[in-house]
Structure formats: C-alpha cells, structure tokens
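Here is what each chain is made of, one letter per residue.
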Amino acid sequence: MIKLYDYELSGNCYKLRLLMSFLGVEYESKLIDFYPGNQHKSEGFRQINPLGQLPVVDDDGLVLRDAQAILVYLASKYDASGKWYPRDNPALLGQISQWLAFADGITATASAARLHDALFYTQIDVDAARAGANTLFRILDEHLYFAEEAGQDWICPGDHPTIADIACFPYIMLSEEGGVSRMDYPAIRRWCDRFKRIPGFTVMSGVFPAGPAVSGSIVSAA
Amino acid sequence: MTTDLQSNWYPIASSSDLPKRHVYQAQLLGREFAVWRADDGYVNVWENRCLHRGVRLSIGINNGTELRCQYHGWRYANRTAGCTYIPAHPADAPARTICNNTYPAQEAYGLVWAGELAVGELPAIDGFESATVLRPVPIMAPQKMVNQALLGYAWDDTCESAENSDGSVTITATDGSAVRVFVQPVDSNHSVARALYNRKVAGEERIALLKRHSWLMQELRDRTETQAARQETPAPYEPVIAKVSEDLVDIPAISVDGRKADLRVQVARKEMTADGIASLRLEAIKDQLPTFQPGAHIDVHLPNGLVRQYSVTNGPGETDHYTIGVKREPDSRGGSVAIHDTVGEGDVLAISAPRNNFPLRRDAVHTIFIAGGIGVTPLIAMARALNAQGLEFEFHYFVQSDDHVAFKRELSEFEGALNIHKGQSPKETGETLTEVLANPGYARHVYICGPGPMLEATRQIAADKGWADEAVHFEYFKNTTELDDSNSFEIDLARSAMTLTVPAGKSILDVLRENGINMSSSCEQGACGTCRCGVIEGDVIHQDVYLSDGEKAEGRSIMTCVSRAASNRLILDI
Amino acid sequence: MSILKCSDPIALNLWYAIAPLDEVLIGETAQTILLEQPIAYTRNHTGEIVAWVHDVASGGNPETDRLPIKERYGYFWTSLGTPDADIFPIPEYDEQDRRNIHAASFGVNVSAPRLVENFLDMGHFPYVHTDILGAEPHTEVKEYFVEVSKERDEILATNCKFWQPMAAAVASGGMDVDYVYRVPHPYSAVLYKSNPTDPERMDVIAIFIQPTSQETLRVHMLLSLLDESNDDISIRLFQQTIFGQDKPILENQYPKRLPLDPRAETPIRADKSAIAYRRWLSDKGITYGVIPAAA
Ligand SMILES: N[C@@H](CCC(=O)N[C@@H](CS)C(=O)NCC(=O)O)C(=O)O
Ligand code: FES
Ligand SMILES: [Fe+2]
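Every value quoted in this text rests on a predicted model; they were computed, and no experiment measured them.

A. Geometry of the overall build of chain A. A count of helices and strands for chain A gives seven helices and four strands. Helices (α) and strands (β) of chain A occur, in sequence order from the N terminus, as β-α-β-α-β-β-α-α-α-α-α. Its C-alpha atoms give chain A a radius of gyration of 18 Å, near enough to 17 Å, the size a compact globule of 222 residues would have. C-alpha atoms of chain A, sized along the principal axes, occupy 50 × 50 × 40 Å. Counting contacts in chain A only where the partners sit at least 6 residues apart, residues at least 24 apart contribute 63% of the total. Per element, the accessible surface of chain A, about 8,900 Å² overall, is 52% carbon and sulfur. One finds the centroid of the 19 positive side-chain charges in chain A at a distance of 2 Å from the centroid of its 27 negative side-chain charges.

B. Representation of the site of ligand 1 in the model. All names here are of chain A. Near ligand 1 there are 15 residues, and of these S10, K41, L54, A67 and Q68 occur at the shortest range. In this structure, an oxygen atom belonging to ligand 1 sits 2.8 Å away from a side-chain N or O atom of Q68. Looking at the shell around ligand 1, the elements with two or more residues in it are α3 (67-78) and α4 (90-119). Residue classes in the shell around ligand 1 are distributed as five nonpolar, seven polar and three charged. The residue makeup of the shell around ligand 1 includes at least three contributed by each of domain 1 (2-78) and domain 2 (90-196).

C. Up close: the sheet that holds strand β10 (residues 111-114) of chain B. Residues and elements named next belong to chain B. Judged by pairing direction, the sheet is antiparallel, and its three strands sit side by side in the order β1-β10-β9 without closing on themselves. Because the sheet does not close on itself, it has two edges, and the strands there are β1 (10-14) and β9 (105-108). Going across the sheet, the axis of each strand differs from the next one's by a mean of 30 degrees, ignoring polarity. The pairing of β1 with β10 spans four bridges and is antiparallel.

D. Molecular detail of the pairing of strand β7 (residues 99-108) of chain C. All names here are of chain C. Of all 10 residues making up β7, eight are buried, and the element is well covered by its neighbours. Note that β7 and strand β13 (residues 216-225) share nine bridges and pair antiparallel. Across the sheet, the residue bridging to I101 is L223, located in β13.

E. View of the interface of chain C and chain A. The interface of chain C with chain A comprises 24 residues on the first partner and 18 residues on the second. A combined buried area of about 1,600 Å² lies between chain C and chain A, and 59% of that area is made up of carbon and sulfur atoms. Across the contact surface, chain C and chain A share two salt bridges. Residue R236 of chain C is joined to D33 of chain A by a salt bridge in which the shortest nitrogen-to-oxygen separation is 2.5 Å. Summed over the shared surface of chain C and chain A, the result is nine residue pairs in polar contact (both at pLDDT 80 or more). Only β7, α3 (125-128) and α4 (232-250) of chain C provide two or more residues apiece to the side of chain C that touches chain A. Looking at the side of chain C that touches chain A, its residues break down into 10 nonpolar, nine polar and five charged.

F. Spotlight on the coordination of the iron ion (ligand 3). All names here are of chain C. Every protein donor of the iron ion (ligand 3) is accounted for by H124 (NE2), H129 (NE2), D246 (OD) and D246 (OD), and the metal-donor separations fall at 2.1 to 2.3 Å. Here the donor residues of the iron ion (ligand 3) are spaced in sequence according to H-x4-H-x116-D. Residue H129 is located in the loop between α3 and β8 (145-149), and its partner D246 is located in helix α4; the two are separated by 117 residues in the primary sequence. Judged by relative accessible area, D246 falls into the buried class, the value being 6%.

G. Geometry of unusual backbone geometry. Looking along the chain, the bond that leaves Y35 of chain A and enters P36 of chain A is cis, with omega of 0 degrees. Within the secondary structure layout, P36 of chain A lies in the loop between β2 (27-31) and α2 (43-48). For the bond from E136 of chain C to P137 of chain C, the omega torsion is 5 degrees, close enough to zero to count as cis. The backbone of D66 of chain A sits at a positive phi, close to 80 degrees, despite the residue not being glycine. With respect to the helices and strands, the residue D66 of chain A is situated in the loop between β4 (62-65) and α3. Residue class for D66 of chain A comes out partly exposed when judged on its relative accessible area of 34%. Positive phi, normally seen in glycine, also occurs at L35 of chain C, with a value near 50 degrees. On the secondary structure map, L35 of chain C appears in the loop between β2 (30-34) and β3 (37-43).

H. Spotlight on the UniProt feature "domain: GST N-terminal" (unreviewed entry) in chain A. Mapped onto this numbering, the UniProt entry gives "domain: GST N-terminal" (unreviewed entry) at residues 1-82 of chain A. The distance separating the terminal C-alpha atoms of residues 1-82 of chain A is 21 Å; by composition the span is 38% helix and 22% strand.

I. Spotlight on the packing of aromatic side chains. Residues and elements named next belong to chain A. Overall, the coordinates contain 42 aromatic pairs over all chains when judged by the stated rule. With a centroid separation of 6.4 Å and an interplanar angle of 50 degrees, the aromatic rings of Y14 and F169 are classed as tilted. One end of the pair, Y14, is in helix α1 (residues 11-23); the other, F169, is in helix α6 (residues 163-173), with 155 residues separating them in the sequence. Exposure class is identical for Y14 and F169. Each is buried. Centre to centre, the rings of W191 and F195 are 6.0 Å apart; their planes meet at 50 degrees, and the pair counts as tilted.

J. Layout of the domain arrangement of chain A. Residues and elements named next belong to chain A. Here chain A is partitioned into domain 1 (2-78) and domain 2 (90-196). When each unit is reduced to the centre of its C-alpha atoms, the spacing between domain 1 and domain 2 is 21 Å. Listed by partner, the interface residues are 17 residues for domain 1 and 16 residues for domain 2. The largest share of the area that domain 1 buries against domain 2 comes from K15, Y35 and Q68, three residues that together contribute 34% of it. Applying the counting criterion to the domain 1 and domain 2 interface returns zero salt bridges. Applying the counting criterion to the domain 1 and domain 2 interface returns four residue pairs in polar contact (both at pLDDT 80 or more). Listing elements by their share of the side of domain 1 that touches domain 2, those giving two or more residues are α1 and α3. Broken down by element, the side of domain 1 that touches domain 2 gets its largest block of residues, seven residues, from α1. Grouping the constituent residues of the side of domain 1 that touches domain 2 by class yields 10 nonpolar, five polar and two charged.

K. Examining the pairing of β9 of chain B more closely. Residue and element names in this part refer to chain B. Judged from the four bridges that link them, β9 and β10 form a sheet pairing that is antiparallel. Bridged to A105 within β10 is A114. Two successive antiparallel strands, β9 and β10, enclose a turn made up of two residues, where Y109 displays a positive phi of approximately 60 degrees.

The rules behind each value
Residues numbered from 1 in each chain as written. Chains lettered and ligands numbered in written order. Predicted model: local features only at pLDDT ≥ 70, side-chain atom pairs only at ≥ 80, totals over all residues. Heavy atoms only, no water. Helix = DSSP H or I, 4+ residues; strand = E, 2+ residues; numbered from the N terminus. Rg over C-alpha atoms; globule rule 2.2 N^0.38 Å. Contact = heavy atoms within 4.5 Å. Areas by Shrake-Rupley, 256 points an atom, 1.4 Å probe, with all protein chains shown as cover. Lys, Arg positive; Asp, Glu negative; His and termini not counted. Charge placed at Lys NZ, Arg CZ, Asp CG, Glu CD. Near = heavy atom within 4 Å. Polar contact = N/O pair within 3.5 Å; in protein donor to acceptor, adjacent residues only side chain to side chain. Nonpolar A, V, L, I, M, F, W, Y, C, P; charged D, E, K, R; others polar. Domains from an automatic or database assignment. Pairing = 2+ DSSP bridges. Axes fitted to C-alpha atoms, helices over the stretch in contact; angles between N-to-C directions. Buried < 20%, exposed > 50% of the residue type's maximum accessible area, 1.4 Å probe, protein only. Buried area = accessible area lost by both parts, 1.4 Å probe. Salt bridge = Lys/Arg side-chain N within 4 Å of Asp/Glu carboxyl O. Donors = N, O, S within 2.8 Å, 3.2 Å for Na, K, Ca; no water. UniProt positions renumbered as here; feature names shortened; annotations may be inferred. Phe/Tyr/Trp six-rings, centres within 6.5 Å; stacked < 30°, edge-to-face > 60°.

Here it is in structure tokens:
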C-alpha cells in the first residue's frame, strides 16, 4: 500500500490526501511529529528526504518527495480516466506544469506567512511573504475571472479539474492563518467553493466543507 | 463614527459575483458585509458578524434559503436575517427578535449597491441602461487618490474624462464609447474600481473589451499604489459595533406584548387546496414580514372581529409571504366561514407576528409526523425544514379521502417519506398508529397535530409503546374541555410585587390585563401556549390542552387564559 | 527596564507560561513576546532557566533585567510585574499514573479571552469538530452548573455533557461525555473530561495563554491523560487536529478583543460559563484583550 509521510496541518501533505481521496486510492498515513518535534529534520527522516521536508510518498519502494511531483506520479499511475493529468495533451500538460510551479510559489509565500504566525518561524520576513502571496493571488484571480467568462470552472481549460487545482487549493484556503485575506479575490473565493464540491473532497484542520450545490435535494425515505 | 459618506450608495459587487449558494465578502468604509443571493434571487447584504459570538458570516454556508453560521450552526433567514434555529437548544424556539444587522441594498446596472445608511432610490445612471460590467479591480489606495488617477484613464487618444456629481468618473471617447467608474471606499487606504462600459457586447468582442480594461485598470492600480505607498497610511475606519437589543441580554425573557395585530398583509392568492380547505397566500403590504420558524402560527383578525390562529406552512427561506390553510367549519363561531365566504384576493388583513409554541427539534435521528385533517399545516412547515437539511423523517397524513388532501404540491417534496392514510375508521387509525409508533428510541421524536380525539388516542398509543413524554410533541388547534371558572383566589406576582384577586367568571389573564400587566396571548382557550407563565408556589387546576401531562403534574407553569388555582393562592413568576 | 506597552496592572502581575522546559536549552537564547514586551530566555550552565526583558535597541541585560521564574506543569513561567499569588493548582498533574504531554504551542491572531471562551464552549463541537467531538443532529447543550468560587477566585462549570462520536484518541463509537471546566486565571483554563478507560477519573487538558499583544497570542497546550494505548505522537497530533479546526473560527471573530458589554453579543443558556467568565473579567477590572463595558 502507498505510504504517505504525513502531518495533518501541512497543506502540502493535504494535496496528496485530496488526490487520493478523489481517486479512491487507499493509503496509509505515517504520522510525522513535524511540530513541535521537528521529526522531519531528524536523522532518520533525512535519510528518506535529504531536504528534510514533508510530504514524501513511498509506493512499493519508489520514494518520492515534493507534493507537485507526487501529484504527477499518483495521477499518472492511478487515475484510469486520465482527467486529473491528461498525459496525451501536450498543451494542457504545459499549462498544468506552469500552475504547479505557481503553486510552489504559493507555498513559499502564503504558507510561509502562516508558519510565521502560527508556528513561530521567526526567520521568515512575514511582510514580504504576505506581499508575495497577494501578488500571486491577484494573478490567479484575474485568470479565474477570465476562465469563468469563458465558461470554465477550473484553472486549466476543460470540463474537469486537474492536479493544478489541487496544488493551488490548500495554501489559498489557509491564507488567512498567515494574515492574507481573500476578500479582494472574489473569483478565487468562488473557485474555492467549486473545488470543495468536487465529489470525494475531504477537509483538513482549518478548512470547512461547502454547503450543498443548487441541484439535488436530499429526501430520506421512511 | 458616522459620516455623510455612509448615506451614499456604492457598488460593492458585480451581480455575477453572487452565484447561488455562495457567500461574498465585501467591505465599505471599514464595515464588513456578508453578501449572499438566495435561491429566489434576493440579494442579502448583512453585517459580516454573527450576533452570537461575532464570527464572520462570510465563512458560513448559504443553503439557498438561509445562511448558517460556521461556529454554532445558527440559521438566519433570507430577507429578514432573523434567526430561525439555535441548534444548542433544539427544543426552544429562538426569540423572534434575534436579527442580524442588514443594510440597504439594490441590484441595478449589473452591480449590487449598498450603503450603511443609504436612503432613497439609486440615482439613474443615464446612458448606461444597457451596459457591460467590467472587471472590478481592488487598489490599495484612498478613494480620493484613485478618483484623481481615473481622470487620466484612457484607452485611446480621444478619451476625455470628467468627474460626475456622485463622485464617479466618466471617460468618453469620440466614437461615443464611454466608461463610468465608481470607486468603492473599502477602507481609508483600500478601494475597488468598479466600471460600466456603455454598450453591451458579446462573444470575442466582449472578452477583448474585458481584457483590455482589466489590463489598463491594473496598470492604473500599480501606479496609484506606488503613489499611495509614498504617503503616510491613513488610520483605518473604525465602524461602530452596534449593540444588540436590550431584551437579548438575558435569555429567555418573557414576552409581554399582549395580543397584537401590528402587521398588515394582503391576500395575494386564495384557492381551494382540498375539499373544504382554502389556502391563502398573504404578502406584506410594505416592508418585510417577520421571521417565522416551522411550527409557528399567526393570529388573523377577521373583518367580523373574531381572531383565529393559523399555522404557517412555508418552507425555510420563503420569507416574502405566509401561506396558511383554513378549513371551513360550519359549526364554528364563524371564523373560518368568514375567511371562506367574505375574504377575497386583494383584501387586507391584520395579523400578528408569527409565534412559535410548537418548536421543532432538529437534533433527532428520526422524526415522525402524524397529521389529522387540517392539523397537517404546521407539520408541513416542519417537514419542509427537515427536508431542506437532509434530515430523516416520515410523514403520516390521515384524511377522509383523496379530495381532502391539502397542499399536494408541498407534500410531493417529501417523496418516499410521505404516507397518506385515507378513509380509516378510528379503530383502523389506531392500528396504523400502533404500527407507526412501534419503535421508540434514542433521539426519535413524534409530532402530532389533528383533531382532539385523534390527538388523545395518539398520545395514549405513544405512551403505551414506551415513548417518553418529552419525545412526543403535539399541538391542539382547539380546546374542547368544559371550562370551570367558578372559584375565586389570589395571585401574588413575584417580580411585580403585587397581589391581585381573581374572581369567579374571570381568568387570570383578564385580571392581569385589568391591572395593567401586558401578557401575550393568542387563542385564549388553553390551546396555543402563548400565555404560559411560571408558577413559583401553589397548586394549579389545569384546564388547558397545551401542557403535557408531565408538565401538568410538575406544576411549574400555568396557562393563564383558562387554568386556575386549586389552592387559595398562587405565586406567579411575573 | 523600558516602559511597558501593557498598562493593565492585573495582566502585568500574572504568571505566564512561556515555553516547555525541554525546549529551553543550555547555551541557546530564544526570544518571544509577552504583553507586547520582547523577552529573551536561556538555560545557563548550572541548568537554571534565566529570562530577561529584551529591547531591540538596548538588547537587554540578563542580570539587571532579570524576570522571576517558576517551573510548573512542564513549562517555565514568568511575569513582568510582581505576582501576589502563586500559579493556580492542577493537582492531577502529579498523579503517578498520568501521562503529561505538551501538545504544542501555537500562535493565533485573536485575543486571549476569545480563546478561553472557545475552550469553554461545547455548542460548536458538531460544526467545528465535525465527526470527532460532535456530529449533527446531536447538537443539544444540556443544562449545566456554573459557579464562581470566591475562595479560589475561579470559575467552575460542572455537570456538562455532550454527545460525541469520537471523544479522544482512544475512543471508538459515540457516547455522552462528561466535562468539568475551570477558569483559574484570566487567560488560562483547564478542562476535565470523562475517558473511556477509567470511569472514576478524568483526563485533563489545559491551555496556558501567553498574550503577545491585545489581539494576538501564543497558547501552550498541556494534556494529562490516563490513556495507555496511544503513543505520545498520536495523542499530540490528535490535539493539534482539534486545535487546527478552532483556529480559523477564532481568527474570524470580530471584534478580536472580547466585548464585555452584555449587549455586544447574544448569549444563550449554553453560554452560561462564558457569561460568568465575561462578568468575572469585568469585576476584576481586566482591560487587556477585552473591550470593557462602558461605565
Ligand atoms: N516544494 C515542496 C515543499 C514542501 C514543504 O514546504 N513542506 C513543508 C511542510 S508543508 C516542510 O516540510 N517544511 C520544512 C522545511 O522546509 O524545512 C513540496 O511542494 O512538497
Ligand atoms: S457565533 Fe455564529 S452561531 Fe455562534
Ligand atoms: Fe473547539
């Protein structure tokens, strides 16, 4: 079974929990005492990931680090529909990779601000991190506004979300914990609602589920 | 601090920012708003703060008819913003006055307009009747500075700009195309430029137009922000935090508003929903109807001077009208006959605000509704509330024949949960009920409403089957007990420090009123529960049908309209 | 010592937990903030913890600007004033068979009293800790008792009960869980919770808040449990999961300071302990982290 080196409050680990939940893939969480134990910097863990970072996945001996890389791997291997990472569509693959890199930028800014405020990563320049997050959010908000104009729900074109949406979602949704409000990004806020309504969506601490969509009233029989 | 700025209308969102089931977050002059569109299209602009513990409502859930707070699940109704449900106390009806702060709002020109103290109509925006809403762009700079910068906004060499009297800026090109920009002052150093283009365009031309202006406005934003960063940042606005009403400080408070009919409604539609049953759709003549909860009833003051109680059948969020069902009862004192024969569409009626003496718990794992005849009305509202929340229930409706089934359209929402039992004799009804009530259990509740004998029978069956008193909820719609008011006694009013004598022939309620104590009442026959009052000491002769046997035996409350003292003296908690 | 930003004499004279003892290392100086005042601390070569006020300009002097220190419940505590009382007791901490675990210290952008109130609150379990500490439709907060003990100067809420699907790391299946709550310090609280392994005794969870400003804080979470089946890491991570769910709620409360005016917000019966807490703070005359009721 896939083993995920996991920490509940990590948005990067959450990306992988999300994809595996969407795909219905079973996995085992190996809980790491990221805080306050700093277990990801321990000797034992650095032998698994010399960068001393979460997440790491071990799939039957194949050990991979970096959330975005793991999303690519898991979607390629376990998504039979090929919709989360359409391997035979070069244009789309290019766009997905572009937004995966963008997601790492969100980690470097919005997530850094959150680590500063919540876990006392005092070496982080929090003002710079927040400003960086706002710069990225402005770009994504405009992108999503025009996606909606074109009748598109997701970051990349097509009628199905991709791993680009998964990679961007966690640290956007957690941005307020680093003091980055999303009030100025209405298209991002609507996209967050749509994302939460993808079948198989799960929450993490700090993320609440969306309410029901317009269609489908639930009636329970006697 | 209130300023004259607060009386202006400002755009705070594009209409397209408010898809259904979404909560939009806005801010104006430092005050945050939660803005949400209900499924019926209505746009709610509320203070972004739950009155319970201050949590932002913009992180709550818009379920189409109500907004649910994320912290403790309080629900607030579309339009009225009245609280309809407090999950921590599922057996209580929330005080009707718990109402979130709402602000004036209008939707026009593809934008949503609001103002903390805005009054009057939104001024017409001539020339923009058929406009395209451009992409709004937030700018971290004071409103004045953005306005100034907008005077230099241009998409070609022929553009000329001018400030309008409302503070907006219009930029016009010689080909007649024009953009009018309204700057929403979010805070002292934070604005949003919201613009209209004076033509409707479609397809690729529209995308090109939107892109071009998004780009130009972002360029203007970057310049303006650089300029703002060079200045000292002004102190943020500090919006006043309004206090909640006095009566909410201690909960629960006994309401002392007497028998009032302060609302005027118009009969918007009257139709026969079943044999002998009229349904009336009542709409407000002006303003908003107050919030109702499932199970609530209203007093209807009839042209002939009679006052009658009818349950509201509405589902959650149907806040622009009340629908009631009225059965024609030829042997009655003429209330229902008056409605059937003399009240017509367009007539105006005086009604009371809804009052809920039949609250619905929403913490049951399973709920059984048992309706007999016209007793179906409050149960329809309740089942619709559970249905909207996806909670499990079954609905049993006993009628004479198919022609007697009222509110068929509403009932059809319940699909498989609905069981209609037709033409059963009292004996057969008893057998059906015995089956329906076979399994009491943890967090299972029964709600019964129907004619007296059926209600009695159902309560008996429930008791025999082992249902706990507090799991069986019922509402009589009239009291058929033979009332005895022949004794005389004293009442001590503990909180008002008064002693009064209740003579034979008068009720406690009468005596209280004669002495200037304003006690609410509704049916005045011991059925509705409105005139309930706490008993501190003394024995009571209960003549009502509202209290449960357990509550009667406990003797802690009295229905002051019909019940009396068994002893010489009662000490009441008034 | 420079002039302190906090001018509330009551807040200044309280003891505050600052860091878990095992995170204070010999020869390593760490910095933090207490009531807007930067402070520094280290462990000297004799093993003793030393803390002092630390100003960005002058640096601060470990000898002359030295602060009082106490070690209690696995943390070191200090004060910027001269406390007239000892740190409140938690007798269970010393019971031999308990496991005392530091779950984490987290920073939260809200006032300390808002967090204390959240800690006393059961009504949010089904909505905030869905399927762990509560689940719809079991939403009722049953009647419970609240008293303010004059002699101990603390708030006590007893006979609290709430239905929970998965009350603790060791629990499996839903049950009614009993709680007792204590507020022995304006910015700290202790809860006792029935546990599935021993019907006679209760698990203890305490929060010790170090207000860093009126609207930000650092909270230290202590667990003192009777659990024998889970390892420290799972227990700690379970507690972090729970706290991580409260955090976005706390950071979305407006205003951030706790309003003491009874007409600022709308209490219900379930909030009895919170009402007592607000009144207790008012009576004490606390001004730090609250919006005092207008006189
Ligand atoms: N690019 C990496 C970044 C991972 C990352 O930042 N992980 C965090 C936890 S969410 C971490 O382990 N931080 C510790 C560190 O970077 O030292 C990815 O996307 O996986
Ligand atoms: S704060 Fe909104 S329900 Fe309690
Ligand atoms: Fe909580």
